[in-house]
Each structure stands twice: as structure tokens, then as C-alpha cells.
Amino acid sequence: MILNIIVCVKAVPDPRVADKLKIDPVTKSLPRLDIPLVINSLDSHALEAALQLKKKYETQITILCMGPPLAGNVVRECLALGADKGILLTDRAFAGADAFATAYTLAKAIEKNGPVDVVFCGMASSDGATEWVGPEIATFLGLPVVTMVREIVEDQGLDWIVNADFQGGYRKVKLKLPAVLTVTRKINQPKALSFSGIIKARSKEITEWNREKLDIPADRVGLKGSPTHVTDMTDLDSRREVEILEGSLQEKVERLVQILCDAGAV
Amino acid sequence: MVDERISVFVIAEQSDGGIQAVSLQLIGKAHELADELDSKVGAILLGNKLSNVAQRLIEAGATQVFLGDADILAPYQAELYTEIIVKLVDEYRPEILLIGSTFMGRELAPLIAARLETGLTAHCIELEINPEGFLEQRIPAYGGMITIICPEKRPQMATVANGVFSNPLLDSSRTGEIISVDIPEDFPLRTLTLEIVKEEVSGISLESAPVIVAGGAGSGDQDGWQQIAELATILNAGFGSTRPAVDAGWAELETMIGQSGKMVNPELYVGIGISGELQHMVGIVGAKTMIAINNDTKAPIFEQVDYGIVEDCRVFVPALVKALKEKKPYLGRTTL
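Residues numbered from 1 in each chain as written. Chains lettered and ligands numbered in written order. Predicted model: local features only at pLDDT ≥ 70, side-chain atom pairs only at ≥ 80, totals over all residues.

### Remarks on the overall build of chain B
Quick reminder of the rule: Helix numbers and strand numbers start at the N terminus; a helix is a DSSP run of H or I with at least 4 residues, a strand a run of E with at least 2. Put simply, the radius of gyration uses C-alpha atoms, and a globule should come to 2.2 Å times the residue count raised to 0.38. With C-beta atoms placed from the backbone, a residue is labelled by how many other C-beta atoms lie within 10 Å of its own: buried for 20 or more, exposed for 12 or fewer, partly exposed between the two. Once C-beta atoms have been placed from the backbone, residue pairs whose C-beta atoms lie within 7 Å are recorded as contacts.
Each helix and strand counted, chain B has eight helices and 17 strands in total. A compact globule built from 336 residues would reach a C-alpha radius of gyration of about 20 Å, and chain B, at 22 Å, matches this within 12%. In terms of overall dimensions, chain B has C-alpha extents of about 65 × 45 × 40 Å along its principal axes. For chain B, the residues scored as buried account for 55% of the 336 residues in total. Pairs at least 24 residues apart make up 67% of the contacts formed inside chain B by residues separated by at least 6 positions.

Structural data, given as C-alpha cells:
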């Protein structure tokens, strides 16, 4: 029996430049096109989890990504890391999707792709910091989910045991495949790209699907399919009257030691 | 006209022998929101051996507590909890449903939202009813605060971290009703939580530390990070981090301060190599003294602190550590 794995991957604005990202107050969305897209770092742990299973079992790994056409580069990178094929969901109609509409679209693509045993997702996205997509995909597919998985303890057959982060420690969960798992950074250490991987990826297939291909009504995708709307953006006034310490390094050190003493820290 | 409906629900969570603090904080907030809607607060509490703690939710401001008290409900079981809560929401149709950003809440909230086909806002730091009667949910993002509403679907759902809202006064003269919820029998569980394993927490708890030293991307590398760690040890401080530091692999996710991490409340905060993104800064609630060390004069953190030091932290921090050690050689030791 072949293990069919979907890894959901988000192409996010490179966090090293994303600091400069500011919401456009007119469109109330993020201008993201001129910032390079990279794999959401938690999703690379999701991919690594799938790759480790591939070492043990006959496994087909499909990368699923929704994003602009440029996100195809991120899918290609995942293929170079060892995934077998890629699906890029790209359509202007998908723009502005919140977690709900995103999860709905991804779930429809997973259904269209065929039988699935495990869906891996990173536990959160670095740009929006929401953690909803994995559990919402599971709900739309009628599958169970375990979030924040830090270790796969037992992965033979269809009855798995995983450990997942929980209040004060972790919980040990028994689950039956097919299922959705979202992973934390603790689960593994993702590998770096290899030259041979990049060469192999050239011959791997990336399928592009748009809304029509997925046969989803227009009011279920993108901004229209999103129950939540951004209505406003305001400044947060957290300003303080700041004193910038002057002088030589040593003078600044001495002054700070005094400030720390006055604050009761020393 | 007074709407006697219960229009604000809170999903409360059991902790060892009590209720999670965030659940009580949310009931307090729910009470304010419900007042504006001329309505009342309902709390849902699932677990076992809860008869003594359900009353606390009433003292905090809930008018009705929907209580599921059974051995099968402890530990937390995602599918069973979702089923029970979705049925309750379908029956009572609240306008608003609030959930703590605990490990349980962060899994349960999206399961419920997707079943109810409604929106869900993550880790809000402000909640307010606007003139149209919608719940405005505010989160920090991209250099400002963004406001999110869920205009058409109900309930309007939000998660909130511990410490965002203050603990409500518990008033034992408040009265309310405790209603037993139906627990489905022989519900097929495809995921079964076998046990919750407790882990020892190392270091000083960020939530209760009077002094917090936090490091960010500007610490440069693992060595720079270790220097900041040493400063934290010397000051007997909690050692916090930012998302870039966690992403770089220097710090554990548990140490991340900010909107999607921990909310902290120290007397003194020292931010090192931290640019001052709001996602981090909103996590420091009401610090009396704030200090920043960063080599970028333009870093936004320099507008949000009391004292700023423009220096490369990899040079400044070792010098500071040396000076502190000379001044007080016993600093940072736990025994003399």
C-alpha cells in the first residue's frame, strides 16, 4: 500500500524583508508582489516530516500551495527537497482569502487530487500567525486533526501515535488515518537543498489549478468567500519619552548599570 | 427593549483543580460586551470533577454555565468537545463566542468555526462593539493595529491570550444557573488523547518575572544569543525572544513574547537587538521601565522605550556583563 501524503505549503513574504511591509491604507491589503516569496518556515518542517516517512514506506508526496504564480518557485523548491509532485492553486479570484476561504479552497483541491492518508501543515503561518488552516481543512474534508505535533511516535499502518504540545507539557494522542497533522519546529530539522535535488526537480510536474478547475463557486473563494473582513487600520500609540544615552561605550555601560540599579534589577 | 438572550459565550477551560485564568478574564470581558448588547453571558465548561469550579464562572459574571462533567471529557478530546459545543451554539445562537488562546483553544476554535462556517480572528488584543453592533476585533499587524469584523456569519469568534484582559473581580453574590449538557454516548473518536504528560519548565517563568531580558534578530548569531542569555542570568531575569529569534533557531517558541506568544507584565524590560515590531511590543503590558539596545538608530523600538542605547549588542552586552560582574560579583547566583 502506498502512503499518500499532501504537504500544504504557504509562500510568504521573506521575513527578512517583510519588516518593511506596511498595509496599504487604501486597499487595506498587503502589497506583496515585490517582496520575494519563501516557504513559510514551519511548512518546511511539515515537508521534512513527510520526507522522513518516505525513507521508511512507499510514499507519494504532493505539495499543495495556494498563491500568486510566483509561488511556483516555492513549490519547485519543495520538489527539489524530495517531494514527488506539486499543485499550485492560482487565480485572481483567490486573492484576499482569510483562513476559512483558504482552507476551503485547499480542501477542495485535496479532494480533487484523490485518495489521501496524511495531510501535513505547519502549525502556523509566519505572516498572519493564524493557526486555523490545518484544522479547518480537516473539518471540510471530514477528517480528524491533531495540532502542534512535536513527535510521531508510532507510524506503522493506519493507527498512529503522536505527541503534541499542550498546556504544561504534551499530550499523547492515538489517531486513525486518514488525518491532518500540524507540526511544530520540534518535530525535525529540515534539510538544506542539494544540487542533485534541484536537477531532479526539473523533471517533476507542477499542476496549476484555478477556481474553475476546482469547480468552486465564486462566492466561496478569496475575499468573497471570507467571513472576516479587515475594516480599518490605526496606529497604536505605544510611544514613550525616550532618552538616548550619550558618550563612550564605557560611559553608556556605567549609566545603564546605574539605571538597572535604580530600577531594582541589581 | 431588553434582549434577555445570552448573546456572548465563552468556552472556559479546566486547569489542575480550577479554571484557566484566561477563561475568567474572558468572562469579565464578555460581561462588558454583553452589557452593551443588553444581553447576558454564557460559559461552556467541559471536563471532569468540576462541580466546585463551575460556580467560579458565575462569580466572574456568567449567567448560565453549560457544564459537561464526565470522565470521558478529561483529558480534552477534540472531536467530542467540538460536537458538544457546536450543538450548544446551534441551539442558543450566540452573537459572539470567545476562546482562550491556550493549546486547547487554539485547536478547538478553528474546528468549531469551520463546522459553523463562520470567521475566527486569532489572538486579539482588543474587542469592542461598534455602533453597527459588530464585534471589532483588533490585532497588531504590519506597523499598526488592524480591525477585523465578521459582518455576516455568526457567531463572531475570537481567541485571546492569557493576560490581555485583566482578571475580573469574583463576586460571590452573583447568581446564575448551571445547566448540564448532553454528552453524546458512544461517540466515535478517531483521535484519542491518551494522556497529558507534564514537563518541568526550566528557567524563570516569563509571566511572573519582575525583570525580563529579551533578544531579537539583531543578536546576530548563536554566540550573540548566548551573551544575552548570560545577561539574563546575571539579572535573574526571565529570558524572552521574538519571532525572528525563534525562526533562527536560537530560542524556543515558548519564550516568544508578543501577540502570538506570551503576554508579559514585568517591572523592567530590556530589549536587545529587537527592532520593535508591534507583534512583539504588544506582549509587554505595562512595564514601568523599558530599555532598548540596538545598533539601528531608526529602529521603531527607540520610540517605545524610556532609555535607548545605540550600540552593536555584540559589543555592548559583553561590556555590560563585565561591568555588572565587577560591581556585584555574586549577581545571578542562586545560592551564596
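The rest of the description comes next.
### Overview of the sheet that holds strand 9 (residues 144–149) of chain B
Rules: Strands are treated as partners if at least two bridges between them are detected by DSSP. Angles here are taken between N-to-C directions and fall from 0 to 180 degrees, while the axes themselves are lines fitted to C-alpha atoms, restricted in helices to the stretch in contact.
Taken in spatial order, the four strands line up as 12(A)-9(B)-8(B)-7(B) in an open sheet, and their pairing is antiparallel. Only two strands of the sheet have a single partner each, and these edge strands are strand 12 (229–234) of chain A together with strand 7 (126–129) of chain B. Averaged over all adjacent pairs, the angle separating strand axes in this sheet is 30°, with direction ignored. Of the strand pairs in this sheet, strand 7 of chain B and strand 8 (residues 135–141) of chain B are connected by four bridges, and their pairing is antiparallel. Looking across to strand 8 of chain B, one finds that I129(B) is bridged to L135(B).

### As for the domain arrangement of chain B
All names here are of chain B. Operational definition: The start and end points of each domain follow an automatic or database-based domain assignment. Here the nonpolar group is Ala, Val, Leu, Ile, Met, Phe, Trp, Tyr, Cys and Pro; Asp, Glu, Lys and Arg are the charged ones; every other residue, Gly included, is treated as polar.
Its domain assignment divides chain B into domain 1 (6–180) and domain 2 (211–327). Of note, the centres of domain 1 and domain 2, computed from C-alpha atoms alone, are 33 Å apart. Each partner contributes residues to the interface: domain 1 has nine residues there, and domain 2 has eight residues. Each residue belonging to the side of domain 1 that touches domain 2 can be placed in one class, and the counts come to five nonpolar, four polar and no charged.

### Concerning unusual backbone geometry
Backbone torsion omega between L177(A) and P178(A) reads -5°, so that peptide bond is classified as cis. Mapped onto the fold, P178(A) is located in the loop between strand 9 (169–176) and strand 10 (179–183). Residue M148(A) is not a glycine yet carries a positive backbone phi of 60°. Assignment of secondary structure puts M148(A) in strand 7 (residues 145–154). Even without glycine at this site, E117(B) takes up a positive phi of about 55°. Position of E117(B) relative to the elements: it lies in the loop between helix 4 (103–116) and strand 6 (120–124). E117(B) sits in the partly exposed class, given 13 other C-beta atoms within 10 Å.

### Side note on the environment of D247(B)
With respect to the helices and strands, D247(B) occurs in helix 6 (residues 243–247). The spacing of D247(B) and A217(B) is 30 residues in sequence and 9.2 Å in space, taken between C-alpha atoms. Residue contacts for D247(B): discarding those within four places in its chain leaves P15(A), S41(A) and S126(A).

### Some words on the packing of helix 4 (residues 99–113) of chain A against helix 5 (residues 133–141) of chain A
Think of two packed helices as two axes; the pair is described by the angle between the axes and how far apart they sit. Residues and elements named next belong to chain A. Rules: Roughly parallel refers to an angle under 35 degrees, roughly antiparallel to one over 145, roughly perpendicular to one between 65 and 115, and oblique to any angle outside these ranges. A crossing counts as left-handed when the near helix is turned anticlockwise from the far one by less than a right angle, and as right-handed when that turn is clockwise.
At a minimum axis separation of 8 Å, helix 4 and helix 5 run at an interaxial angle of 50°. Considering the angle they form, helix 4 stands oblique to helix 5. Once helix 4 is placed against helix 5, the crossing between them reads as right-handed. Every residue of helix 5 that contacts helix 4 at A99, F100, T102, A103, Y104, L106, A107, I110 and E111 is listed here: V133, E136, I137, F140 and L141. Classifying every residue of the contact of helix 4 with helix 5 by side-chain character gives 11 nonpolar, one polar and two charged.

### Focus on the interface of chain B and chain A
Often the size quoted for an interface is simply the accessible area lost on bringing the parts together. The partner chain A presents 66 residues to the 77 residues of chain B that form the contact. Counting residues per element, the side of chain B that touches chain A draws most heavily on helix 4 of chain B, at nine residues. For the side of chain B that touches chain A, the per-class residue count stands at 43 nonpolar, 16 polar and 18 charged. Pairing of strand 13 (residues 243–244) of chain A with strand 17 (residues 307–310) of chain B, which is carried by two bridges, proceeds in the parallel orientation. Looking across to strand 17 of chain B, one finds that E243(A) is bridged to Y307(B).

### Focus on the confidence of the model for chain B
The condition is simple: pLDDT expresses, on a scale from 0 to 100, how confident the predictor is about each individual residue.
Confidence along chain B averages 91 in pLDDT terms, with 96% of residues attaining 70 or more. Of all secondary-structure elements in chain B, the lowest mean pLDDT belongs to helix 7 (residues 278–281) of chain B, at 86, while strand 5 (residues 96–100) of chain B reaches the highest, 98.

### What to know about helix 3 (residues 72–80) of chain A
Three or more residues of helix 3 of chain A are buried, namely V74(A), V75(A), E77(A), C78(A) and L79(A). At the exit of helix 3 of chain A stands G82(A), carrying a positive phi of roughly 130°.

### A short note on the sheet that holds strand 9 of chain A
If you walk across this open sheet you meet the 10 strands as 11(A)-5(A)-4(A)-1(A)-6(A)-10(A)-7(A)-8(A)-9(A)-12(B), and the pairing is mixed. The open sheet has two free edges, formed respectively by strand 11 (206–209) of chain A together with strand 12 (191–198) of chain B, since each of these has just one partner strand. Neighbour-to-neighbour, the strand axes of the sheet open up by a mean angle of 35°, direction not taken into account. By the bridge criterion, five bridges tie strand 4 (residues 59–66) of chain A to strand 5 (residues 85–89) of chain A in an arrangement that is parallel. Within strand 5 of chain A, the residue paired with C65(A) across the bridge is L88(A).

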